[in-house]
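Tertiary structure, described
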Amino acid sequence: MLSATITAHPAAAAVTLRQRHSLRPRQPLCVPISAAAQMRRMATARPPVVNALASKNVEGVPTPKLSFPILVNSCTGKMGKAVAEAAVSAGLQLVPVSFSAMEVPDGKLELCGREIRVHDPSESEKILPSIVKEYPDLIVIDYTVPDAVNANAELYCKFGLPFVMGTTGGDRQLLHKTVQDANIYAVISPQMGKQVVAFLAAMEIMAKQFPGAFSGYKLEVMESHQATKLDVSGTAKAVISCFQNLGVSFDTDEVKLVRDPEEQVTVVGVPEEHLAGHAFHMYHLTSPDGTVSFEFQHNVCGRSIYAEGTVDAALFLYTKIQSGASKKLYDMIDVLREGNMR
């Protein structure tokens, strides 16, 4: 779930992020993207997921629902499991095979009412040929580890497998070159949350069209993630880069990282059930004289936003393959521009 807030306080002096949070009543900030006045956090029920591909088109004629096989690599991780569940919910065929260095009892995993056979990555080259033969329209979704990004991409390209790469890290320049050289269809993006990507795109447009618009403003950044994430997120770095282009002087080492669970609950407002998986970001700007402030905020609870975005990326990629599109390497901006999202 996600929220974004932009506020202006013509008569208010700037305060620190910690003070701002501590003065707020404790409540989860998990709502769809919206713009609202500060201190008016309105809880909004999450709308039901609707498969746009099964809805009616502009002429009122039902559009056939897409269904094709996907292999989630790896199903043993939290993101992989979330993607598998989202894919099955969308009507896609979950291939009962995955790869993981993590040991699984009897090499089997129960997921979405299916038994998934989990193999060690060292067996992939031996097993994939039969999988490709059995599932000719297969698309691979990769949520593994940063160190495996490039090797996995080379593997998929070797077998001509189109893929969606949601795993971050690795040599991104080499990753793109590998895909382009192999002429394989792929969606590659370190951020799969559709609404977050749209927010980042909007920030980039603003920074490009209005450079220096916030010159002289002071920026404060706070981000809260699960305790296992020690560094500043790529999303925060991207947003900060936009603010820098807008004229703000700020360095990433100034970001306030909140990783203590107690502070996350009592100060930031993270629901306890999402301490193990969340992303709360706040960007607060104050004018030089302290009379104007702006606030941008996006809060994500859980992993559903990334899982659903990944499924949309797979659906998008499948349609491009079926149409024989000349362009083969895409990112989430391309998926958003297409518009056919659930």
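Being a predicted model, the structure only gives us computed values, none of them experimental. (Residues numbered from 1 in each chain as written. Predicted model: local features only at pLDDT ≥ 70, side-chain atom pairs only at ≥ 80, totals over all residues. Heavy atoms only, no water.)

1. Re the sheet that holds strand E13 (residues 329-330)
Ordered in space as E2-E1-E6-E7-E8-E13, the six strands form an open sheet in which the pairing is parallel. Looking at strand neighbours, the two that pair on one side only are strand E2 (93-94) and E13, the edges of this open sheet. Sheet analysis places strand E8 (residues 186-188) next to E13, joined by two bridges and oriented parallel. Residue pairing in the sheet places valine 187 in a bridge with tyrosine 330 of E13. Where helix H4 (residues 149-158) meets the sheet, its contacts fall on strand E1 (69-73), strand E6 (139-142) and strand E7 (163-165), and the angle it forms with E7 comes to roughly 170 degrees. (Pairing = 2+ DSSP bridges. Helix = DSSP H or I, 4+ residues; strand = E, 2+ residues; numbered from the N terminus. Contact = heavy atoms within 4.5 Å. Axes fitted to C-alpha atoms, helices over the stretch in contact; angles between N-to-C directions.)

2. Examining helix H5 (residues 172-182)
Within H5, the full set of buried residues consists of Leu175, Thr178 and Val179. In an axial view of H5, the angular spread of the buried residues amounts to 90 degrees, which keeps them on one side of the axis. The exposed set on the far side of H5, more than 90 degrees from its buried face, consists of Gln173, Gln180 and Asp181. The inward-facing, buried residues of H5 abut H4, E7, E8 and E13. Just past H5, the residue asparagine 183 takes up positive phi, approximately 60 degrees. (Buried < 20%, exposed > 50% of the residue type's maximum accessible area, 1.4 Å probe, protein only. Arc of directions from axis to C-beta.)

3. Describing the packing of helix H2 (residues 78-89) against helix H9 (residues 304-323)
Running from N to C, H2 and H9 cross one another at 55 degrees; their axes reach a closest spacing of 8 Å. The orientation of H2 with respect to H9, classified from their angle, is oblique. The handedness of the crossing between H2 and H9 comes out as right-handed. Residues Met79, Ala82, Val83, Ala86 and Ala87 of H2 touch H9, and the partners they reach there are Tyr306, Ala307, Glu308, Thr310 and Val311. Here the residues of the contact of H2 with H9 sort into eight nonpolar, one polar and one charged. (Parallel < 35°, antiparallel > 145°, perpendicular 65-115°, else oblique. Left-handed = near helix turned anticlockwise from the far one by under 90°. Nonpolar A, V, L, I, M, F, W, Y, C, P; charged D, E, K, R; others polar.)

4. Focus on the side chain of glutamine 226
Note on placement: glutamine 226 falls in the loop between strand E9 (218-225) and helix H7 (234-245). Of the residues examined, glutamine 226 reaches a relative accessible area of 18% and is grouped as buried. Side-chain polar atoms of glutamine 226 contact the backbone nitrogen of histidine 278, separated by 3.2 Å. If we skip the residues at most four places from it in the chain, glutamine 226 touches Arg259, Gln264, Leu275, Ala276, Gly277 and His278. (Polar contact = N/O pair within 3.5 Å; in protein donor to acceptor, adjacent residues only side chain to side chain.)

5. Brief notes about the sheet that holds strand E10 (residues 256-258)
The mixed open sheet is built from four strands, whose spatial order is E10-E9-E11-E12. Where the open sheet ends on each side, the last strands, each with one partner, are E10 and strand E12 (293-301). Each neighbouring strand pair of the sheet contributes to a mean axis angle of 10 degrees, computed without reference to strand direction.

6. Looking at the environment of threonine 167
Looking at the element boundaries, threonine 167 is found in the loop between E7 and H5. You can call threonine 167 buried: its relative accessible area is 4%. Separated by 24 residues in sequence, threonine 167 and tyrosine 143 place their C-alpha atoms 4.8 Å apart. Apart from the residues lying within four places of it in its own chain, the contact partners of threonine 167 are Asp142, Tyr143, Thr144, Val145, Pro146, Val149 and Arg172.

7. Focus on the side chain of lysine 320
Looking at where lysine 320 falls in the secondary structure, it is placed in helix H9. When its relative accessible area of 16% is taken as the criterion, lysine 320 is described as buried. Excluding anything up to four places from it in sequence, lysine 320 contacts Tyr185, Ala325, Tyr330 and Glu338.

8. Quick notes on the packing of aromatic side chains
Evaluated as defined, the whole model comprises eight aromatic pairs. On the basis of an interplanar angle of 90 degrees and a centroid distance of 5.4 Å, the ring pair of phenylalanine 214 and phenylalanine 294 is categorised as edge-to-face. Separated by 80 residues along the polypeptide, phenylalanine 214 in the loop between helix H6 (194-209) and E9 and phenylalanine 294 in strand E12 bring together distant segments of the chain. Exposure remark for phenylalanine 294: the relative accessible area of 22% places this residue in the partly exposed category. Arranged with centres 6.1 Å apart and planes meeting at 45 degrees, the rings of phenylalanine 243 and tyrosine 283 form a pair that is tilted. Pair noted here: phenylalanine 243 is in helix H7 and tyrosine 283 is in strand E11 (residues 278-286), with a separation of 40 residues, a long-range link. (Phe/Tyr/Trp six-rings, centres within 6.5 Å; stacked < 30°, edge-to-face > 60°.)

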